[in-house]
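Each chain is listed here by its residues.
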Amino acid sequence: MSFTYVMELLGGLALFLYGMQMMSTGLEDATGNRMKVILEKLTANRFVGVLVGALITAIIQSSSATTVMVVGFVNSGMMTLNQAIWIIMGANIGTTITGQLIALDVGVFAPLIAFLGVAAILFLKKEKAKYVGQIMAGLGVLFIGMDMMGAAMKPLADSESFVSILTKFESPLLGILAGAVFTALIQSSSASVGILQTLAGSGIIGLKSAAYVLFGQNIGTCITAFLASVGTSRNAKRTTLIHIMFNVFGTVVFTILCQVTPIIVMLEGWTPGNTPAQIANLHTMFNLVTTLLLLPVGTYLGKMAGAILRDKPGTDEAEGMCIKYLPEIKHINTEKLGVSAICMEGIKKELMRMMDMARGNVSEAFDAVTEKNKEKYASVEQREEYVDYLNKEISKYITSAVSYVTTQTGSQIFNSLFSVTSNVERISDHAINIAGYSNRLADKNIIFSDKANGELMEMKHICMQLFDTLLEEPADIVAWNREIARMEQQIDDMTVQFRDNMYERIQSGKCSDEGSILFSEMLTDFERIGDHALNIANEALSCYT
């Protein structure tokens, strides 16, 4: 095989893999920000979950990309392990579409598909149309690359030594091993199966030898998800294990079938003389039959994975300050589908945790003042340090993650999340201000009237209502935002009313000068808490509109 043919082969493989990446990115841009909602609605039922996995994979032509996405979603808590099982099964079915398209010789239309896709990207103004164009362009580039590989491999048909090596793949163990290793190296079963079909189309390999290579390719594709699971949660690792178990089970079943039944002869009879179609049909049959066999017992796969990968004792309780929900950027395959959705979900969960701490600070701050309790001030101060730590870590994470967002909408959402963390931190700052007044009250023996203490409890009550609303999952984001705005206005009205009441107490001699100054400062902090809460609600609303 000459140097020219080697270069054509490598160039074709590069175009094939790049085309897959373009399609993955197009789908990510089109749906990445709404991926959580889509998956939550569609994966509750196992049959629908399988269909979703198959459709996503059919669009992006890569089960590896879908599985990596699922591992990331499980790691971030966006998806349960059981939901992931159905998506993985569907992904294995969806990946067979590439082989069927190759068998149908769709590649002859590849230049036209690529042209239409590029035209949509360059000339259409709507973002969604551009994303569809990116998917189409990727599909066209993929098949152009496949044609290049086919042309480069034709000379191999005349190489007796190469053909003799391939005939050894009729041995199940050698064939499975060769398919698994090759697929693991290029990290794409679609590409490796396409190359196998290209070899078959050139008359270099027959179905009998190709069958075991094909089974091994299904195992080899698991390497991408395995690498993506490094450094992830236990459930994310279990997701990868389920993917491996699925394909190993299918390989064992079909290896036995090939040995004891005339399945190879039957497939050859369906499309005589068309080995690429025979390989595509076997690939589809492999994944369909394996899915049908495992679908009724899919939840047991999750239990088996849990039994193999048990929870490590002591991993749930972290000492000191820590990040719980943010997947490390270095452990995310930033070129795969769902990256922005995974990062956004982790940030939102960490923000909710941070907001819950700020809520605790506000509540305890008012108690510290009414009780003149220095221990509660110390508790608020300690929690405030944790809030500051989370603000710094979340802000750094957003700065790193936003560089992987490819859409304007995604960038706006990350900007909003950045603003939210700043506002939550400012709420906690005002809480520490309020708690700090307790020390001055105690040191100077300043006593508030029962009326003033009652107003402080009213402030605490409305703040707790405000936080409860902020922390809930809104069914209607517009109505939720409107309710936050109503409470913020109520806080403004209370601030005005309580300040007027304070002036009346000063005039009647029921409030000391120092007491009135402290109470006035608390009212300012109280009013600012409402302002920052409304800022958070408005940023959340902007993410959905």
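Cut-offs used in this document
- Residues numbered from 1 in each chain as written.
- Predicted model: local features only at pLDDT ≥ 70, side-chain atom pairs only at ≥ 80, totals over all residues.
- Heavy atoms only, no water.
- Helix = DSSP H or I, 4+ residues; strand = E, 2+ residues; numbered from the N terminus.
- Buried < 20%, exposed > 50% of the residue type's maximum accessible area, 1.4 Å probe, protein only.
- Phe/Tyr/Trp six-rings, centres within 6.5 Å; stacked < 30°, edge-to-face > 60°.
- Core = buried A, V, L, I, M, F, W, Y, C linked by side-chain atoms within 4.5 Å.
- Contact = heavy atoms within 4.5 Å.
- pLDDT = per-residue confidence, 0-100.
- Axes fitted to C-alpha atoms, helices over the stretch in contact; angles between N-to-C directions.
- Parallel < 35°, antiparallel > 145°, perpendicular 65-115°, else oblique.
- Left-handed = near helix turned anticlockwise from the far one by under 90°.
- Expected span 1.5 Å × (residues − 1).
- Polar contact = N/O pair within 3.5 Å; in protein donor to acceptor, adjacent residues only side chain to side chain.

### Side note on unusual backbone geometry
You will see that Lys372, though not glycine, has its phi angle at about 50 degrees, which is positive. Along the chain, Lys372 falls in the loop between helix H18 (339-371) and helix H19 (374-401). Unlike most non-glycine residues, Asn445 shows phi in positive territory, near 55 degrees. Along the chain, the position of Asn445 falls in the loop between helix H20 (408-443) and helix H21 (450-471).

### With respect to the environment of Asn218
Position of Asn218 among the secondary structure elements: in helix H12 (residues 207-220). The exposure class of Asn218 is buried, given its relative accessible area of 2%.

### Notes on the packing of aromatic side chains
Going through the model one piece at a time under the given rule, you end up with six aromatic pairs. Taking the centre distance of 5.5 Å and the plane angle of 20 degrees together, the rings of Phe215 and Phe286 count as stacked. With a gap of 71 residues between them, Phe215 in helix H12 and Phe286 in helix H16 (residues 275-294) connect regions that are remote in the sequence. Here the two residues Phe215 and Phe286 agree in accessibility, since each one is buried. Ring geometry for Tyr386 versus Tyr389: centroids 6.1 Å apart, planes at 65 degrees, classification edge-to-face. A residue pair is termed a helical-turn pair when its members lie 3 or 4 positions apart in one helix, as Tyr386 and Tyr389 do in helix H19 at three residues. When its relative accessible area of 16% is taken as the criterion, Tyr386 is described as buried.

### What to know about the nonpolar core
Soluble globular proteins tend to bury their nonpolar side chains together. Within the largest apolar cluster, 66 residues are counted, with the highest numbers of intra-cluster contacts made by Ile347, Val362, Phe414, Phe448 and Phe519. Among the secondary structure elements, those contributing two or more residues to this core are H18, H19, H20, H21, helix H22 (477-507) and helix H23 (513-544). With sequence-adjacent residues up to four places away left out, Phe448 is seen in contact with Val369, Leu441, Asn453, Leu456, Gly515, Leu518, Phe519 and Met522. With 57 residues, the next largest nonpolar core counts Met20, Ile113, Leu214 and Cys258 among its residues.

### Considerations on the confidence of the model for the chain
The predicted coordinates of low-pLDDT regions are not to be read in fine detail. Taken over all residues, the pLDDT of the chain has a mean of 86, while the share at 70 or more is 91%. At the level of individual helices and strands, the chain shows its lowest average pLDDT in helix H2 (residues 35-42), which scores 62, and its highest in H16, which scores 95. Scored below 50 in pLDDT, residues 314-319 shows zero contacts in the model against residues more than four places distant or in partner chains.

### Quick word on the environment of Leu351
Within the element layout of this structure, Leu351 appears in helix H18. In this structure, the C-alpha to C-alpha distance between Leu351 and Leu417, residues 66 residues apart in sequence, is 8.4 Å. The residues touching Leu351, leaving out its near neighbours within four places in the chain, are Ile394, Leu417, Val420 and Thr421.

### Some points on the packing of helix H6 (residues 96-103) against helix H11 (residues 189-201)
Two elements in contact, H6 and H11, have axes separated by 9 Å at closest approach and are oriented at 30 degrees. By the angle between their directions, the pair H6 and H11 is classed as roughly parallel. At the point where H6 passes H11, the crossing takes the right-handed sense. In this structure, H6 uses Thr98, Gly99, Ile102 and Ala103 to contact H11, whose residues at the interface are Ser190, Gly194 and Gln197.

### Examining helix H3 (residues 46-60)
Here H3 contains 15 residues, and its C-alpha end-to-end distance of 21 Å stays within 8% of the 21 Å for a straight helix at 1.5 Å per residue. Turning to H3, its buried residues are Gly49, Val50, Val52, Gly53, Ala54, Ile56, Thr57 and Ile60. Two to three positions downstream of the cap, the backbone nitrogen of Phe47 sits 2.8 Å from a side-chain oxygen, assigning the N-cap of H3 to Asn45.

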